[in-house]
Amino acid sequence: MKKKRLLISLVILIIGGGFFWLWLYSNYSPPIFMYHAFDKEKVGTYASVSPETFSKQMAFIRKRGYKVIPLRELCALLKGKKEIPHNLVVITADDGYKDNLKAIEILDEFGYPAIIFLVVNKIGEEDYLNREDIRWFLENTNVSIGSHTLNHAYLPETDKQNLKTEIRNSKVDLEKMFSLSVDVIAYPVGGFDNRVLEEVENAGYLCACATNRGFSSDLDIFALRRIKITERDLGIRLWAKLSGFYNIFRKVKNPY
Ligand SMILES: [Zn+2]
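Quick caveat, the model's predicted, so the values are computed rather than measured.

## Some points on the packing of aromatic side chains
- One pass over the full model with this rule turns up 13 aromatic pairs.
- Judged by centre distance (5.3 Å) and plane angle (35°), the ring pair of Tyr97 and Tyr128 falls under tilted. Highlighted residues: Tyr97 in the loop between β3 (88–95) and α4 (100–110) and Tyr128 in the loop between β4 (114–118) and α5 (131–140), separated in sequence by 31 residues.
- On the accessibility criterion, Tyr97 (11% relative accessible area) is buried.

## Here we look at the layout of surface pockets
- By volume, the largest pocket amounts to about 650 Å³.
- Looking at the lining of the largest pocket, the elements that each hand over two or more residues are α1 (2–26) and α3 (71–80).
- Residues that form the lining of the largest pocket fall into these classes: 14 nonpolar, six polar and nine charged.
- Both domain 1 (1–28) and domain 2 (31–249) contribute no fewer than three residues apiece to the lining of the largest pocket.

## Topic: the domain arrangement of the protein chain
- The domain boundaries assigned to the protein chain delineate domain 1 (1–28) and domain 2 (31–249).
- Distance from the C-alpha centre of domain 1 to the C-alpha centre of domain 2: 39 Å.
- Taken together, the seven residues of domain 1 in the interface contact 12 residues of domain 2.
- A combined buried area of about 750 Å² lies between domain 1 and domain 2, and 75% of that area is made up of carbon and sulfur atoms.
- Taken together, the connections running from domain 1 to domain 2 amount to zero salt bridges.

## Some words on empty space enclosed by the protein
- Going through the model one piece at a time under the given rule, you end up with two cavities of 30 Å³ or more.
- Roughly 50 Å³ of internal volume is contained in the largest cavity.
- Around the largest cavity, the lining residues are Phe38, Ile91, Thr92, Ala93, Asn100, Ala103, Ile104, Leu107, Ala114, Ile115, Ile116 and Val143.
- Only β3, α4 and β4 provide two or more residues apiece to the lining of the largest cavity.
- With four residues, α4 is the single largest residue contributor to the lining of the largest cavity.
- Per-class residue counts for the lining of the largest cavity are 10 nonpolar, two polar and no charged.
- Reported here for the second largest cavity is a volume of approximately 30 Å³.
- What lines the second largest cavity is Asp95, Gly96, Leu118, Val119, Lys122, Ile123, Tyr128, Leu129 and Ile134.
- Residue composition of the lining of the second largest cavity, by class: six nonpolar, one polar and two charged.

Scoring rules and cut-offs
Residues numbered from 1 in each chain as written. Predicted model: local features only at pLDDT ≥ 70, side-chain atom pairs only at ≥ 80, totals over all residues. Heavy atoms only, no water. Phe/Tyr/Trp six-rings, centres within 6.5 Å; stacked < 30°, edge-to-face > 60°. Helix = DSSP H or I, 4+ residues; strand = E, 2+ residues; numbered from the N terminus. Buried < 20%, exposed > 50% of the residue type's maximum accessible area, 1.4 Å probe, protein only. 1 Å grid on protein atoms, 1.4 Å probe; cavity = no way out; pocket = protein on both sides within 12 Å on 5 of 7 lines; lining within 4 Å. Points joined across faces, edges and corners; volume = space filled by probe spheres on them. Nonpolar A, V, L, I, M, F, W, Y, C, P; charged D, E, K, R; others polar. Domains from an automatic or database assignment. Contact = heavy atoms within 4.5 Å. Buried area = accessible area lost by both parts, 1.4 Å probe. Salt bridge = Lys/Arg side-chain N within 4 Å of Asp/Glu carboxyl O.

Laid out in structure tokens, this is it:
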């Protein structure tokens, strides 16, 4: 009798575990890492990660066998609705701070691609990347650029005309400035609404990044959820964020 009960428990456990694994597997989403500043002095504020820690994080990614791909490549994979390998990671950084140059050097050592989302009207201001910096990394590394609007506008509170300008003109201005196509945007503070989604798609963007915000936890190509990476993310914490299952266990925040 005891043996029979044990056997039944074991079978339930195996079937349950199998279903759990299937559920986990079908909810996989490739991790998109979100950084801002790379300055040791600013750790704790500005969502900053020190260059030393960033370097360790990149080494961890390599050691664990993950493949860093450009955001636009991930967007194409998601659009193609093909089976997505479970070892991918994308690296993004918002705002275009000058200290990103340190991170770009590290990325270059590893040969990793990344994307920096630039606030067009901040380019060349104090503490921000200038045109020469940007031209340098576009020509010499695998780091590309995307729009983070003209003025870091909180889009859900932006009126119709300005919304159009922030979304479209930022794209066009960057394209003219650096003679390339800009097809990805990241929403400042992750904020968006239905008007934003429509405008972004009409402006010709391939995909767009939010933070951990969305209308639902479904994968939305114009509101890709990103995972904030901090100074403390090493070892098991970083591994969890890399796994592709991190988003399943956190609640998506309201988009606006
Ligand atoms: Zn920002």
